[in-house]
Structures are given as structure tokens and as C-alpha cells.
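# Summary of structural features
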Amino acid sequence: MARGIPPTDVLITLMGSPHETERLTTALRLVQALLEQDRAVQVWACGYATLLTQNPLGEDKPRNLADWNGVYPSTAALVKDMLETFPDRLYWYGCRFCSDDRGAVDHMPQVVMRPPSGYGANVAAAGRTLQVGVL
């Protein structure tokens, strides 16, 4: 039996390279703001955005040469924190095809991998849909 998609206020689709521009940071801030306003949010990661939730990213980013003593969380740590803080209102999905194609197969356990054909069910379960990245 297929797992149902919980109804949410917003679906944010992340596409393309996650570190090409500030779009990803803006999208993560938007997700956080929506959750803090008691909204239910689902995120669908597609393309290279499937790399965001990889376990090998660890908790922290590599050291920053401009701020050698600074410690900054990885994207996986940011997503994990939001998933743990808002377990009944944030749902993170990844496109299995895109993930497999890029060798990104070691996702944190909270990430649900779905085939691209399942994307329509995610859209149908959301009140609004926003796409961030390449068109």
C-alpha cells in the first residue's frame, strides 16, 4: 500500500545546484519562517538539491578560511534540526531518480525518497506550490 502524502499549506520544490546562488539559503529561511507561523510544509528536492540531506555532510561545514575559528552547520544539519523541531509539520522528500543518478544515496532517515512520478501527489496535497531553482 502506498504511503499517503499529508496535506500541507505549501510545497517548496528545490531544483538545480544548491550552492550556485543564495536561492537555497533563502528557501531554507522561508521554510523556517513558515514553520514558525504554524504552517505545514513539504519540501521536494530534485536534481543536485538531493545532495542537501546526505549523511556524509556531517554536522558542520568544512573550516572557512575567512573565519578559521567559526563553526557553521551543514545543510544536512539545518534540515535535520528543522525536521526534529517540527516533526508533524515538515516533510522532506527527495526525487529517487535524481538522487540515484548523482550517487546521493545515503540520506538521513527522515527523508522520504519518491519516484518522479509521485511528484503530482505531492503537488495535490499542498495548498500552494513554489519552485526554487532552474526552470
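Calculation notes
Residues numbered from 1 in each chain as written. Predicted model: local features only at pLDDT ≥ 70, side-chain atom pairs only at ≥ 80, totals over all residues. Heavy atoms only, no water. Helix = DSSP H or I, 4+ residues; strand = E, 2+ residues; numbered from the N terminus. Rg over C-alpha atoms; globule rule 2.2 N^0.38 Å. Buried < 20%, exposed > 50% of the residue type's maximum accessible area, 1.4 Å probe, protein only. Contact = heavy atoms within 4.5 Å. Lys, Arg positive; Asp, Glu negative; His and termini not counted. Charge placed at Lys NZ, Arg CZ, Asp CG, Glu CD. Core = buried A, V, L, I, M, F, W, Y, C linked by side-chain atoms within 4.5 Å.

Let us look at the overall build of the protein. Along its length, the protein carries four helices and five strands. Compactness check: the protein gives a C-alpha radius of gyration of 15 Å against a globular reference of 14 Å for 135 residues, within 12% of the reference. Principal-axis analysis of the C-alpha atoms gives the protein an extent of 50 × 35 × 30 Å. Per-residue burial over the protein gives 42% buried out of 135 residues. Pairs at least 24 apart in sequence give 72% of the contacts found in the protein among residues at least 6 apart. For the protein, the separation between the mean place of its 12 positive charges and that of its 14 negative charges on side chains is 5 Å.

The subject of this paragraph is the nonpolar core. Counting 25 residues, the largest nonpolar core has Ile12, Leu14, Val31, Val41, Leu90 and Trp92 as the members making the most contacts within it. Listing elements by their share of this core, those giving two or more residues are strand E1 (8–14), helix H1 (23–36), strand E2 (41–45), helix H2 (75–85) and strand E3 (90–95). If you tally residues by element for this core, the top one is H1, at six residues. Cys46, Tyr93, Cys95 and Ala126 belong to the second-largest nonpolar core, a separate cluster that totals ten residues.

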